[in-house]
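Summary of structural features
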Amino acid sequence: MFTGAINLMPGQGLREFDVYRNGTRRTDSGRVISNGAERLGTIRAVLAAAKPEEIERWRQLEHPVTHKIIQQGIAPFGIKAGDSLVRGEMRYIVQTAPYNPGGLNHWTIYYCEERSDV
């Protein structure tokens, strides 16, 4: 794995995000109901605003994107679309499958929508 230094401006360092997944269960009658959000773990990643081209591209695919969360390596618990990355009061909903540039597992990019009302 890449272990070189990342040159960042002050305030752009790695931040911790709690990862949550909405769970469901079936009642005795077969109805599917929500279990609430289940905490999967914590990741350390960099939060970045999505570029206007990326925002427009994902909007055309009906996936509103406002931010990118870039993690070194991959998450051990498999983050997928629909999961929430929470930092403080802000919640970032993962809109697409995680992107692994080059397929080498050096970096993982999560395209997210920022939500404060969920």
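Further up the page is the structure itself.
Anyway, here's the lowdown on the structure attached to this text.

Attention shifts here to the side chain of E113. With respect to the helices, strands and loops of the structure, E113 is situated in strand β6 (residues 107-115). For the buried E113, which has no salt bridge, the nearest side chain bearing the opposite charge is R115, at an N-O separation of 4.1 Å. Reaching out from E113, the side chain makes a polar contact with the side chain of Q95 at a distance of 3.4 Å. Contacts of E113, omitting those with residues within four sequence positions, involve P64, T66, R91, Y92, I93 and Q95.

Time to look at the nonpolar core. Membership of the largest hydrophobic core is limited to 12 residues, which are F17, V19, I43, A45, I69, A75, I79, L85, Y92, V94, Y110 and C112. Those elements that place two or more of their residues in this core are β1 (15-26), β2 (32-49), β5 (90-94) and β6. Residue contacts for Y110: discarding those within four places in its chain leaves I43, H67, K68, I69, Q71, A75, I79, L85 and P98. By size, the runner-up hydrophobic cluster in this structure holds 5 residues, among which are A50, W58, V65 and Y111.

Glancing now at the pattern of salt bridges. Applying the stated criterion across every chain yields a total of 4 salt bridges. A salt bridge links E16 to R44; the shortest N-O distance between them is 3.8 Å. Taken as a pair, E16 in strand β1 and R44 in strand β2 lie far apart in primary sequence, 28 residues in all. Classification of E16 as partly exposed rests on a relative accessible area of 45%. Here D18 makes a salt bridge to R39, at a shortest N to O gap of 3.0 Å. On the criterion of sequence distance, the pair formed by D18 in strand β1 and R39 in strand β2 is long-range, its members being 21 residues apart. What makes D18 partly exposed here is its relative accessible area of 25%.

About the cut-offs
- Residue positions are given per chain, counting from 1 as you read along its sequence in written order.
- This being a predicted model, a pLDDT of at least 70 is required before a residue's local features are given, and a value of 80 or more before pairs of side-chain atoms are given or counted; all residues contribute to the totals for chains, interfaces and linings.
- Side-chain descriptors were evaluated using all non-hydrogen atoms of the structure, hydrogens and water having been removed beforehand.
- Helix numbers and strand numbers start at the N terminus; a helix is a DSSP run of H or I with at least 4 residues, a strand a run of E with at least 2.
- Burial status follows relative accessibility: with a 1.4 Å probe on protein chains alone, a residue under 20% of its type maximum counts as buried, one over 50% as exposed, and anything between as partly exposed.
- In summary, the charge assignment counts Lys and Arg as positive and Asp and Glu as negative, without counting His or the chain termini.
- Salt-bridge detection follows one rule: a side-chain nitrogen of Lys or Arg within 4 Å of a carboxyl oxygen of Asp or Glu.
- In the analysis that follows, any N or O atom pair within 3.5 Å is treated as a polar contact, provided that within protein one partner can donate a hydrogen and the other can accept it, and provided that, for residues neighboring in sequence, both atoms belong to side chains.
- A contact between two residues is defined here by any heavy atoms of the two lying within 4.5 Å.
- Nonpolar cores were defined as sets of buried Ala, Val, Leu, Ile, Met, Phe, Trp, Tyr and Cys residues, with membership established by side-chain atoms within 4.5 Å.

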